[in-house]
Amino acid sequence: MDEMEQTVLAYVAKEYLEEDDDRELTVDTPLISGGIVDSFSMVSLKRFLEKKYQIQIPDADASAEAFDTVTSICTVVRRFRPN
Amino acid sequence: MSNIGSYEERLQGFDWSIAERELGYRAGDVINIGYHCSDRICDLGHGGKLALLWEDHQGREKSFTFDDLRVLSNTIAAFLVRLGVQPGERVCLFMDRVPELYIGFLGVLKMGGIVQPLFSAFREDSLATRLKDAATSVVITQRKHLPVVRRTREQLSSVRQIVVVDSEGAQLKAGEVALDLEGEPRVEAFEVFPSTAETPSVLHYTSGTTGQPKGAQHVHYSLIAQYLTTKWVLDLQSDDIYWCNADPGWVTGTSYGIIGPWANGATQAVLDAGFSAPRWYAFLQKYRVTVWYSAPTAIRLLMREGTELVRNYDLSALRHLASVGEPLNAEAVLWSKEAFGRPFHDTYWQTETGCIVVTNVPGLPIKPGSMGKPFPGITAAVVDLKTSEPLDTPGSVGLIGIKPPWPSLIRGYWNNPTGYANKFKNGWYLTGDRASKDGDGYFWFVGRDDDVINTGGHLVGPFEIESALLEHPAVAESAAVATPDPTNMEVVKAFVALKAGHDGNEDLELEIMNFIRKRLSPLAMPQKIEFVASLPKTRSGKIMRRVLRAQEFGEPVGDISTMMDD
């Protein structure tokens with residue numbers, strides 16, 4: 001797991017899971033289809049990513065599939081992050 | 001041949017007694033929704049028929065026959081009686097779309113309780129508001145929601161018991177009890193509570209412009225309208241597989257996700273998973289869904305994924321599509337024709353109406369973008385905004401009014417008789433929705449007549465959001481209004497004036513968004529926040545939300561003569 005994945009995973013665990021939620025969260029855990037992050041909450045997750053990595057993610061690229069795992073989210077972020 | 005046959009012929013001499021006869025009900029009889037959705041179907045000889053095909057996001061599957069529904073709802077009813085729950089007490093269902101939610105709904109009704117389904121994405125402030133108002137005695141929930149329910153319970157005195165349906169491995173505390181539905185001894189025979197037509201059944205909370213959400217109180221007689229509208233509008237027939245996307249935390253998920261289909265003896269499929277276009281199409285394909293009741297927001301999300309994706313699946317079983325929750329735009333109707341070979345039929349109704357009241361029934365020509373025509377037995381009109389007199393000139397915009405009574409009209413708002421009385425004027429139930437009617441009698445939605453925000457088909461009240469915003473240490477005052485959104489029709493936007501010493505930056509914006517999401521729900525979270533120096537107010541100090549809303553929609557702001565100068 002790289003640094004970005006660690007950061008995003010930690011953020012999702014902190015913001016979208018209850019403190020005493022004992023579900024295991026990995027970079028491949030389905031977030032949207034698994035009911036951890038819903039389509040409305042995706043907006044705040046997208047806002048976090050844009051702020052943290054100083055990028056703009058077009059709405060068309062912020063689909064439920066693209067945001068379904070930490071791995072896929074990081075793929076999106078890398079695509080829009082300046083080298 | 002559709003169930004309704006000719007709409008025009010059904011209008012002639014229509015009487016709700018059609019449904020009463022089909023359900024074997026006569027005035028004064030016992031009528032219990034729990035019984036009619038399970039025992040009665042078994043009594044008709046269909047106990048072995050599949051009632052529920054369930055699958056979750058991990059691909060786990062379960063199926064239940066109508067006899068399973070009968071016995072397992074008996075089991076939950078008996079369990080609640082053993083807990084000391086009395087008829088008339090409120091029992092909250094706070095669960096994802098697990099089988100216990102659907103079967104528990106019937107179980108509570110069978111023992112005479114008032115079932116209070118609440119959307120499981122609600123967080124503790126939203127949950128507490130609704131449980132406190134209803135003085136709820138018991139909350140049935142899942143282990144994953146237990147932390148929220150526990151924190152909520154600390155604020156309340158009424159909740160005696162928390163029932164956990166999947167407690168394996170959890171350390172339960174005092175006042176908490178496990179219910180392993182499939183592990184419990186099956187209760188074959190249960191004496192169903194002898195509810196009658198006006199016995200309270202379901203308490204759904206709905207948002208208005210002012211004050212906290214109101215508990216819309218339904219009665220068992222609502223079954224009559226929910227049964228017939230399901231049969232004629234959704235056209236459920238004996239060999240259909242039906243999928244309703246709505247969560248039973250909202251009225252569509254109970255009226256047409258539990259009561260209507262099961263009272264008709266239909267098989268329904270339930271997917272307990274978040275939105276994913278490929279997953280949804282795979283679900284439709286796998287279960288050979290024939291009738292699909294969805295929502296414009298979901299349809300627009302599917303549209304974003306394009307028609308090519310649809311071609312990867314065999315959806316040839318689909319024969320009838322319907323939609324509810326927000327106005328179905330013409331583009332979505334046309335897209336569904338292209339993608340699925342058939343249009344979505346828009347249906348219009350509200351928590352308060354209990355059943356579909358204006359709709360496109362099968363066979364009625366669809367005018368894309370129109371709400372359709374009144375269901376037989378429903379007298380609907382566009383009435384003047386001030387006088388509530390019907391407007392007969394085609395194209396005139398007014399409020400949609402429905403002439404009471406009809407079987408599923410709510411009988412009151414819990415603890416709020418004045419709020420209920422205010423919904424009626426000049427002999428009409430006023431929906432708060434503006435529309436016009438064309439020369440052919442089709443209704444066309446225009447918009448809300450108040451400040452309620454319709455986001456993704458869910459109504460969110462600004463007052464609840466503004467109250468929660470004030471609890472944030474940086475917020476001095478705020479106004480929550482609707483702003484247009486291409487997918488959800490509307491989303492919440494908050495105008496926020498900060499206390500001295502706070503800077504309106506993007507860190508604070510995200511912090512406030514998450515603050516509301518965790519306090520209330522993701523639906524209530526402002527998706528946009530604008531920091532302002534002050535808010536427009538009347539000279540008496542009341543915030544003028546309509547001015548802000550009009551700005552968002554690019555509409556005229558109207559009369560601002562009472563607005564206070566800066």
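Conventions we followed
- Residues numbered from 1 in each chain as written.
- Chains lettered and ligands numbered in written order.
- Predicted model: local features only at pLDDT ≥ 70, side-chain atom pairs only at ≥ 80, totals over all residues.
- Contact = placed C-beta atoms within 7 Å.
- Helix = DSSP H or I, 4+ residues; strand = E, 2+ residues; numbered from the N terminus.
- Domains from an automatic or database assignment.
- Buried ≥ 20, exposed ≤ 12 C-beta atoms within 10 Å, placed from the backbone.

Time to look at the interface of chain B and chain A. On the chain A side, the residues contacting the 21 residues of chain B number 23 residues. Within the residue set of the side of chain B that touches chain A, elements represented by two or more residues are helix 8 (146–153) and helix 17 (506–519) of chain B. Among the elements that make up the side of chain B that touches chain A, the one with the highest residue count is helix 17 of chain B (five residues).

With that settled, the discussion passes to unusual backbone geometry. Residues and elements named next belong to chain B. With an omega of 0°, the peptide bond running from Pro404 to Pro405 counts as cis. With respect to the element layout, Pro405 can be found in the loop between strand 18 (398–402) and strand 19 (412–413). Of note, Met489 is a non-glycine position whose phi angle comes to about 70°, a positive value. Note on placement: Met489 falls in strand 26 (residues 489–498).

Here we take up the domain arrangement of chain B. Residue and element names in this part refer to chain B. In terms of domain boundaries, chain B breaks down into domain 1 (7–433) and domain 2 (453–553). Relative placement of domain 1 and domain 2: their C-alpha centres are 29 Å apart. With 22 residues of domain 1 at the contact, the number on the domain 2 side is 19 residues. Counting residues per element, the ones that place at least two in the side of domain 1 that touches domain 2 are helix 7 (124–134) and helix 12 (296–305).

The subject of this paragraph is helix 11 (residues 277–286) of chain B. One turn of the α-helix equals 3.6 residues, which is why residues spaced by three or four share an orientation. Of all the positions in helix 11 of chain B, only Arg279, Trp280, Tyr281 and Leu284 of chain B are classed as buried. The first or second residue beyond helix 11 of chain B is Arg288 of chain B, which carries a positive phi of 50°.

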